[in-house]
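Residue strings, one per chain:
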Amino acid sequence: MPVSKLLDAVQGCTFDDFLFRPQESIVERRDPAVIDLTSRFSTRLTLRRPIVSANMDTVTRAPMAIVQAEEGGLGIIDRGFRAGDIEPQVREVEKVKRTQHGVVRTPYAVTPETRLDEAVALMQRSRVGTLVVIDDAGRLQGLLTDRDVRFVTALDAPVRSRMTPVASLVVGAGEIPLAEAERLMVARKVKKLPLVDRDGALLGLVTARDLEKHKQQPFATRDAHGRLSVGAAIGATGDYLERATALVAAGVDVLVIDIAHGHSAVMARALEAVRARVGDIDLVAGNVATGDGVRFLVERGANAVKVGIGPGGGCTTRLTTSFGVPQLQALVECRLAAGLEDGVPLIADGGVKRHGAIFEALMFGGDTVMLGSAFAGTEETPGDIVQKAVLLPEGQRTVQVPFKVLRGMASLEAIRDRLDVEDDATVDLEALGAEGTEVSVPARGSVRPLIHDMLKHLCSSISYGGGASLADVRARFWQDPFRYLVRLSAAGGRESYER
Ligand code: XMP
């Protein structure tokens, strides 16, 4: 049985130990717009693109999570905020959820009796050009746009004197689907469509801008309300339960219980307590690197498992503890434990240093792949740019180069920030067991073209692998892994991956 032999074949191995043997290609174009890259992130969340940005405080805050979701992946907001400091993480989640809407549930509103100058002030404050007008019972009375108040001098007049009354508006009856809302808006040539119930109470507002976004970004990861999806990490001790409650209230789509060693009594307790607290939301747990670890988490109700002990760019776990499993071995072992078809989804977390390794992570066991250092230095990562003098080898000249910081979440620097330690001497930071490093990486442009490149390369891999889609090539690989695998010699490795 080839699959059981696969586990033997990957013992001690990681990404650069293998190549795949090219197969007869069956796709016409290597185009992410055409090739289906759909993959499951967790039992209830499916992504159109299998890429996830890591919950690290130098990688994922709202700007990164927004781009990831717009591009069809997902960002996980880190919990690298000071203990007890839940609000900042909640605000990041709220920023992502407010970026796009299907139906705006609580649009900015005034009453017919509101003075025009107050309405204008609200428009300026909120940068919204259309206010809905509702009475005290929440019934729609009209719309007031910035054009209705332009050139008006009597600003002490009430809104009702300038609004377009409800009788002259196009309104949607009830919770109509977005496609129907769009048809109505096109047919009646309106940019705003209020939805009302039978009693005329406002249910929400559909805007042309949001519908355009939906068209421009057909692969984006959205929730049932048309808002971008986002995940957030919590720990397994301290404020984690209050944090989980607040994040769920803010609309987070999935919670990631992320600790260094997920196969542990601490995690078992946390999974049970978080589930009891937040109910039915998808819970990701990790990290583990063994089949036993996966079974442990799945038995305790995890909706996805994060795999990777120590492969990460910012990790020193293996150096400091001598524990871990080379990532490809870990992925195969975990995949077999999770089940090949319809098993609990696995997130291959860490160690991806070149685009080809994304494909490997997705073949050997990952349903999705989580990237940290691969996104480092991009515009959307948090943190300031610092100029550093770099010595050019030729001519002994130095130039100023912009850098951003990437650090492991268990690095001394990250721990120090979370603890709010002003004076290192007051706490023995070494005794906290730092398992991460801080490095500077050259600053570069937006992460968006980088994701596009990754996806194009992934499509090329699918073409070389003889698959029609990501799911198809994965199924072919697992049917007969040895048709694909080329185990590299040291020289083969150098020829392949050293440039
Ligand atoms: P990459 O290789 O994509 O890996 O940068 C990202 C993953 O690395 C993990 N991580 C850490 N692991 N000490 C560790 O042992 C750390 O300080 C640390 N910080 C991040 C994490 O799983 C992340 O997703």
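It should be emphasised that the depicted structure is a prediction, and the values quoted were computed from it without experimental measurement.

Points about the domain arrangement of the chain
- The domains assigned to the chain are domain 1 (2-100 + 220-380 + 447-497), domain 2 (109-216) and domain 3 (386-442).
- Taking the mean C-alpha position of each, domain 1 and domain 2 sit 42 Å from one another.
- Taken together, the five residues of domain 1 in the interface contact four residues of domain 2.
- At the boundary of domain 1 with domain 2, total buried surface from both sides reaches about 350 Å², with 43% on carbon and sulfur atoms.
- Summed over the shared surface of domain 1 and domain 2, the number is zero salt bridges.
- For the pair domain 1 and domain 2, the interface holds three residue pairs in polar contact (both at pLDDT 80 or more).
- Of the residues assigned to the side of domain 1 that touches domain 2, the class counts are no nonpolar, three polar and two charged.

Observations regarding the nonpolar core
- Counting 112 residues, the largest nonpolar core has Phe41, Leu255, Val274, Phe364 and Phe375 as its most contacted members.
- It is helix H15 (residues 447-464) that contributes the most residues to this core, eight residues altogether.
- Counting residues domain by domain, this core receives three or more from each of domain 1 (2-100 + 220-380 + 447-497) and domain 3 (386-442).
- In contact with Leu255, other than residues within four places in its own chain, are Ala232, Ile234, Ala244, Leu247, Val248, Val274, Val278, Ile281, Asp282, Leu283 and Val284.
- Core analysis: the second largest hydrophobic core is formed by 13 residues, Leu116, Leu144, Ala157 and Val159 among them.

Some thoughts on the sheet that holds strand E14 (residues 254-258)
- Spatially, the eight strands close up into a barrel ordered E4-E5-E13-E14-E15-E16-E17-E18, and their pairing is parallel. Within this sheet the neighbouring strands show an average axis-to-axis angle of 25 degrees, counted without direction.
- Pairing of strand E17 (residues 346-349) with strand E18 (residues 368-371) involves three bridges; the strand directions are parallel. Looking across to E18, one finds that Ala348 is bridged to Val369.
- Contacts between helix H2 (residues 62-70) and the sheet are confined to strand E4 (51-53) and strand E5 (74-77), with E5 contributing the most and set at about 160 degrees to the helix.

Side note on the packing of helix H13 (residues 355-364) against helix H16 (residues 470-479)
- For the pair H13 and H16, the least separation of the axes is 9 Å and the interaxial angle reads 60 degrees. Of the two elements, H13 crosses H16, and the hand of that crossing is right-handed. Side by side, H13 and H16 meet where Phe359, Leu362, Met363 and Phe364 of the first sit next to Leu470, Val473, Arg474, Phe477 and Trp478 of the second.
- Taken together, the residues that form the contact of H13 with H16 break down as eight nonpolar, no polar and one charged.

Looking at H16
- For H16, the set of buried residues is Leu470, Val473, Arg474, Phe477 and Trp478. The buried residues of H16 occupy an angular sector of 135 degrees when the element is viewed end-on, so they sit on one face.

Notes on the layout of surface pockets
- By volume, the second largest pocket is sized at about 940 Å³.
- Of all the secondary-structure elements, those providing two or more residues to the lining of the second largest pocket are helix H3 (87-97), strand E12 (202-207) and helix H7 (208-216).
- Sort the elements by how many residues they give to the lining of the second largest pocket and H7 lands first, with four residues.
- Considering only residue class, the lining of the second largest pocket consists of nine nonpolar, eight polar and 12 charged.
- Summarising the domain contributions, the lining of the second largest pocket has at least three residues from each of domain 1 (2-100 + 220-380 + 447-497) and domain 2 (109-216).

Some words on the pattern of salt bridges
- Counting across every chain of the model gives 27 salt bridges.
- Asp292 serves as the salt-bridge partner of Arg295, at 3.0 Å between the closest nitrogen and oxygen. Taken together, the residues Arg295 and Asp292, both in helix H10 (residues 291-299) and three residues apart, mark about one turn of the helix.
- In this structure, Arg300 engages Glu299 in a salt bridge whose closest nitrogen and oxygen atoms are separated by 3.9 Å.
- Taking the relative accessible area as the measure of exposure, Arg300 reaches 36% and is therefore partly exposed.
- A relative accessible area of 65% means that Glu299 is categorised as exposed.

So, how was this worked out
- Residues numbered from 1 in each chain as written.
- Predicted model: local features only at pLDDT ≥ 70, side-chain atom pairs only at ≥ 80, totals over all residues.
- Heavy atoms only, no water.
- Domains from an automatic or database assignment.
- Contact = heavy atoms within 4.5 Å.
- Buried area = accessible area lost by both parts, 1.4 Å probe.
- Salt bridge = Lys/Arg side-chain N within 4 Å of Asp/Glu carboxyl O.
- Polar contact = N/O pair within 3.5 Å; in protein donor to acceptor, adjacent residues only side chain to side chain.
- Nonpolar A, V, L, I, M, F, W, Y, C, P; charged D, E, K, R; others polar.
- Core = buried A, V, L, I, M, F, W, Y, C linked by side-chain atoms within 4.5 Å.
- Buried < 20%, exposed > 50% of the residue type's maximum accessible area, 1.4 Å probe, protein only.
- Helix = DSSP H or I, 4+ residues; strand = E, 2+ residues; numbered from the N terminus.
- Pairing = 2+ DSSP bridges.
- Axes fitted to C-alpha atoms, helices over the stretch in contact; angles between N-to-C directions.
- Left-handed = near helix turned anticlockwise from the far one by under 90°.
- Arc of directions from axis to C-beta.
- 1 Å grid on protein atoms, 1.4 Å probe; cavity = no way out; pocket = protein on both sides within 12 Å on 5 of 7 lines; lining within 4 Å.
- Points joined across faces, edges and corners; volume = space filled by probe spheres on them.

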